[in-house]
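Each chain, written out:
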Amino acid sequence: MKKGNRSCLITLGAFLVFIVCFAWYFGFIPVGESGPKAGLRHALDLKVLPSSVEIVGHGGESWTDYLFVADLRISPDQFPELLTGRDFEPYQHYLETIEESWISNFEPLPVAESWEWPANDDDDSFVASCSIHTNADRTRVFVRYVSD
């Protein structure tokens, strides 16, 4: 093999390693991730979370059902990105304040707006649901995801 071909192959290999590492780091390849960001991406059905999302607290369980809850901080202009993964619909029948026992030291959230994604099979049995609640300025968000 010529020196020129060998150096081209080495350069190409290094470039591919860089691209794969970049894609994994930014969540395009969520290999082996099982932390709260992975849970939030699954709950919202997003490949990549908005850059300003900060998970302040999270909790849940997996026994007979799977439950994931998260307390988020986000830039108000990026809030609509949270609603793009699933067919969320706004609803008015929400609690005025969210109080959550699954998250330690959870500060009650005064709710101004709520969205819900229902998912049912053909026979209307429960499969999964996700609700998003936010404060008036859309800087604090509470997410609850439940699946059977």
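Here the structure is a predicted model, which is why all the values come from computation and not from measurement.

**Student:** Report on the pattern of salt bridges, specifying residues and quantitative values.
**Tutor:** For the coordinates displayed, the defined rule picks out 4 salt bridges. Between Arg 140 and Asp 71 there is a salt bridge; the shortest N-O distance is 3.1 Å. Note that Arg 140 is positioned in strand β8 (residues 140-147) and Asp 71 in strand β2 (residues 66-73), a separation of 69 residues in sequence. For the salt bridge of Arg 138 with Glu 113, the shortest nitrogen-to-oxygen distance reads 2.9 Å. Separated by 25 residues along the polypeptide, Arg 138 in the loop between β7 (126-134) and β8 and Glu 113 in strand β6 (residues 113-120) bring together distant segments of the chain. Through salt bridges with shared partners, one network takes in Asp 71, Arg 73 and Arg 140.

**Student:** Could you give an account of the pairing of strand β1 (residues 54-62), naming the residues involved and the relevant values?
**Tutor:** Relative to β2, β1 runs antiparallel, the two sharing 8 bridges. By the bridge assignment for β2, Glu 61 is matched with Leu 67.

**Student:** Kindly report on the nonpolar core, identifying the contributing residues and their values.
**Tutor:** Grouped together as the largest cluster of nonpolar side chains are 22 residues, with contacts concentrated most on Leu 44, Leu 82, Ile 132 and Val 143. Broken down by secondary-structure element, the contributors of at least two residues to this core are α2 (36-44), β2, β6, β7 and β8. With residues up to four places along the chain from it excluded, the contact list for Leu 82 reads Leu 44, Leu 46, Pro 50, Val 53, Leu 72, Ile 74, Phe 88, Ile 132 and Val 141. Membership of the second largest hydrophobic core comes to 8 residues, among which are Leu 67, Ile 98, Ile 103 and Val 111.

**Student:** Requested: an account of the packing of aromatic side chains, with residues and values cited.
**Tutor:** Here the structure, examined in full by the defined rule, presents 3 aromatic pairs. Their ring planes at 65° and their centres at 6.0 Å tell us that Tyr 66 and Tyr 145 sit as a pair that is edge-to-face. Of the two residues, Tyr 66 is situated in strand β2 and Tyr 145 in strand β8; the sequence distance between them amounts to 79 residues. Judged by its relative accessible area of 26%, Tyr 66 is partly exposed. A residue is classified by how much of its surface remains accessible, and Tyr 145, at 5% relative accessible area, is buried. Geometrically, the ring pair formed by Phe 106 and Phe 142 is edge-to-face, given 5.6 Å between the ring centres and 65° between the ring planes. Separated by 36 residues along the polypeptide, Phe 106 in the loop between β4 (97-98) and β5 (109-110) and Phe 142 in strand β8 bring together distant segments of the chain.

Basis of the calculations
Residues numbered from 1 in each chain as written. Predicted model: local features only at pLDDT ≥ 70, side-chain atom pairs only at ≥ 80, totals over all residues. Heavy atoms only, no water. Salt bridge = Lys/Arg side-chain N within 4 Å of Asp/Glu carboxyl O. Helix = DSSP H or I, 4+ residues; strand = E, 2+ residues; numbered from the N terminus. Pairing = 2+ DSSP bridges. Core = buried A, V, L, I, M, F, W, Y, C linked by side-chain atoms within 4.5 Å. Buried < 20%, exposed > 50% of the residue type's maximum accessible area, 1.4 Å probe, protein only. Contact = heavy atoms within 4.5 Å. Phe/Tyr/Trp six-rings, centres within 6.5 Å; stacked < 30°, edge-to-face > 60°.

Spatial relationships are all this shows, so hold off on functional conclusions.
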